[in-house]
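# Structural overview
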Amino acid sequence: MALTPDDVVHKEFQHVRFKDGFDPEEVDDYLDEIVVEWRKTIEENNELKAKLAAYESGENAPAAAPVTAAPVAAAPAPAAPAEGSGATSTSAGIIELAQRLHDEHVAEGEAKRKQLIEEAEAEVARIRTEAEAKQREESARLERERNTLEGRITELREFERDYRGKLRALIEGQLRDLDQKASSSESTPVSAIGL
């Protein structure tokens, strides 16, 4: 089945979801350009066929019919075909236009990919910097907390040493008092205590 300009006009593309796709308006504009060029090519082809048929039958070639399609402003029209090249030259122009637009879309996609990679790398660098700053801050906080705890441990050890020293002195004092009382009671005569 041959493809006609109307097939191109009525072709519908599925919209992509959740990822980048082509701009529908841009695709429509491009398809409109193709249809205009295609209709010109078909008309030129029909004129050339009529001229060829007239030439082969020995008649004079009929006057060229005016082209009804409006010129395309957005894309340059391919060069007018030479007498022998016919639709091939115009088709080559359409193919060249399609290739150029394809190349532009590929370049656009590459630029977008490069931009996304650069943005992702910048985001990674930002997150890494924030994480390193947070890690330094947390390390400093833990170091301060450790120093505080070590100071408190030192204070508690000094308190324990002082407390043990005082407790030892107290116990030793009590023991001396007991020893003195015991020795004084041994030296006291029995009659003094009432026996």
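For clarity, every value in this text was computed on a predicted model and none was experimentally measured. (Residues numbered from 1 in each chain as written. Predicted model: local features only at pLDDT ≥ 70, side-chain atom pairs only at ≥ 80, totals over all residues. Heavy atoms only, no water.)

### Some points on the overall build of the chain
The test is simple: Numbering of helices and strands starts at the N terminus; helices are DSSP runs of H or I of at least 4 residues and strands are runs of E of at least 2. Only protein chains enter the accessibility calculation, which uses a 1.4 Å probe. A residue is then buried if its area is under 20% of the maximum for its type, exposed if over 50%, and partly exposed in between. The contact definition used throughout considers only heavy atoms, calling two residues in contact when any of these lie within 4.5 Å. Computed with the Shrake-Rupley method and a 1.4 Å probe, the accessible areas treat only the protein chains shown as cover for residues.
Looking only at helices and strands, the chain features 3 helices and 0 strands. When the helices and strands of the chain are listed from N to C terminus, the series reads α-α-α. Looking at the chain as a whole, 12% of its 195 residues are labelled buried. Counting only contacts in the chain whose residues sit at least 6 apart along the sequence, the fraction spanning at least 24 positions is 69%. Approximately 16,300 Å² of the chain is accessible, and the part contributed by carbon and sulfur atoms is 56%.

### Description of the nonpolar core
Defined as follows: Only buried residues count toward a nonpolar core. Its members are Ala, Val, Leu, Ile, Met, Phe, Trp, Tyr and Cys residues joined through side-chain atoms within 4.5 Å.
V8, V27, Y30, L31, I34, V35, L97 and L101 together form the largest nonpolar core, which totals 8 residues. Elements with a contribution of two residues or more to this core: α2 (24-57) and α3 (87-187). Examining the composition of this core, we find that 5 residues originate from one element, α2, more than from any other.

### What to know about a negative patch on the surface
To be explicit about the condition: Patches were defined on residues exceeding 30% relative accessible area and lacking a salt bridge, with like-charge contacts within 9 Å and nonpolar side-chain contacts (Val, Leu, Ile, Met, Phe, Trp, Tyr) within 5 Å. Whenever a carboxyl oxygen of Asp or Glu lies within 4 Å of a side-chain nitrogen of Lys or Arg, that contact is scored as a salt bridge. Lys and Arg are tallied as positive, Asp and Glu as negative. Neither His nor the chain termini are counted. A charged residue contributes its charge at one atom only: NZ of Lys, CZ of Arg, CG of Asp or CD of Glu.
Together, D23, E25, E26, D28, D29, D32 and E108 make up a negatively charged patch on the protein surface. At 5 residues, the largest contribution of residues to the negative patch is made by α2. Mapping D23 onto the fold places it in the loop between α1 (5-10) and α2. By relative accessible area, which is 40% here, D23 ends up partly exposed.

### A look at α2
For the record, the criterion: One less than the residue count of a helix, multiplied by 1.5 Å, gives the span that helix is expected to have.
With 34 residues, α2 extends 49 Å between its outermost C-alpha atoms, agreeing within 8% with the 50 Å of an ideal straight helix rising 1.5 Å per residue. Looking only at α2, the buried set comprises V27, Y30, L31, E33, I34, V35, E37, K40, T41, E43, E47 and A54. Once α2 finishes, G58 follows within two positions and takes phi at roughly 90°, a positive value.

### Some words on a nonpolar patch on the surface
Side chains of F159, Y163, L167, L170, I171, L175 and L178 sit close together on the surface and give an oily, nonpolar patch of about 720 Å² of accessible area. In this structure, Y163 sits in helix α3.

### Some points on the pattern of salt bridges
In this structure the tally under the stated criterion is 12 salt bridges. A salt bridge links R126 to E130, with the shortest nitrogen-to-oxygen separation between them at 2.5 Å. Within this pair, R126 and its partner E130 are both found in helix α3, separated by 4 residues, close to a single helical turn. With a shortest N-O distance of 2.5 Å, R141 and E138 are connected by a salt bridge. Here R141 and its partner E138 are both found in helix α3, 3 residues apart, which amounts to about one turn of the helix. Judged by relative accessible area, which is 34%, R141 ranks as partly exposed. Under the relative-accessibility criterion, E138 is labelled partly exposed at 37%. A cluster of three or more residues bridged by salt bridges with shared partners is formed by E123, R126 and E130.

### Describing the confidence of the model for the chain
Put simply, the rule reads: pLDDT runs from 0 to 100 and stands for how confident the predictor is about each residue.
Counting all residues, the mean pLDDT for the chain is 78, and 77% of those residues have values of 70 or more. Averaged over each element, pLDDT in the chain is lowest for α1 (78) and highest for α3 (89). In this model residues 61-84 is a low-confidence stretch, pLDDT under 50, and it forms 36 contacts with partners more than four residues away in sequence or in other chains.

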